[in-house]
Amino acid sequence: MKIRTDRLKTGFALAALAFFGLSRAALAGEPQALELIKPANDYVGKKVRDKITGLRSEKSVASVTPNIWYVVYYDHDSTFKTAEVKFGAGQELEVRHPMRQPFAYINDKNLLDPKILKVDSDKAIKTAMAEPLLEKLNIRATQLWLQNIDGVPTWKVRLWAQKLRHPNDDAEIGDVFISADDGKVIRDDLHINRVD
């Protein structure tokens, strides 16, 4: 009987540890965009490392936080001067040299300096969603881009909100541009009438 009790105690202890581990993993969350720069450097060559021209996400699904990200590098030796590392849920999925430019114009003058990037994607989303025009809307999804715009590292946050007449559908309602240096809104291009 003692052996059986000891096995039960051991089983409960292991189950508790597993539950605690899973809970901690869930609370830790996925890495934010800027946190992916260091691991992305491990997947590109020495000449390309740290030559980041931008980051971008895919549209988020079932949350306002995207979980598919691309770290985009300037690569002088590739056809379109671009290398990108794709991450899903914080894990590297693919390294490629796209056959198109992901941003308007790629060159080594548009590189982002990680030392001055103080605002990560989570803060950019919170700032965008705090815009007064959006106060009464139910924001359901976002998509983000980080690149130098007129020499300023800028987050572009695209937003989708729940439609009023068809609540199962979403409407793209525009973009908010936020400085990645000080976190201030630079400008917005919002069209909240699209939720009608």
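An account of the accompanying structure is given in this report. As the structure is a prediction and not an experimental result, all values here were calculated from the model.

1. A few points about the pairing of strand β6 (residues 152–162)
Counted residue by residue, β6 has nine buried out of eleven residues, so it is predominantly covered. Between strand β5 (residues 139–149) and β6, which pair antiparallel in sequence order, lie two residues; one of them, D150, sits at a positive phi of approximately 55°. Pairing of β6 with strand β7 (residues 170–179) involves nine bridges; the strand directions are antiparallel. In the strand pairing of β7, R158 is matched with D175.

2. Some points on the pattern of salt bridges
In total, this model carries seven salt bridges according to the counting rule given. A salt bridge links K47 to D77; its shortest N-O distance comes to 2.9 Å. Taken together, the residues span a long stretch of sequence, with K47 in the loop between α2 (37–41) and β1 (52–57) and D77 in the loop between β2 (68–74) and β3 (82–88) at a distance of 30 residues. Judged by its relative accessible area of 59%, K47 is exposed. Two residues, E84 and R56, come together in a salt bridge whose shortest N-O distance is 2.9 Å.

Thresholds, definitions, all that
Residues numbered from 1 in each chain as written. Predicted model: local features only at pLDDT ≥ 70, side-chain atom pairs only at ≥ 80, totals over all residues. Heavy atoms only, no water. Buried < 20%, exposed > 50% of the residue type's maximum accessible area, 1.4 Å probe, protein only. Helix = DSSP H or I, 4+ residues; strand = E, 2+ residues; numbered from the N terminus. Pairing = 2+ DSSP bridges. Salt bridge = Lys/Arg side-chain N within 4 Å of Asp/Glu carboxyl O.

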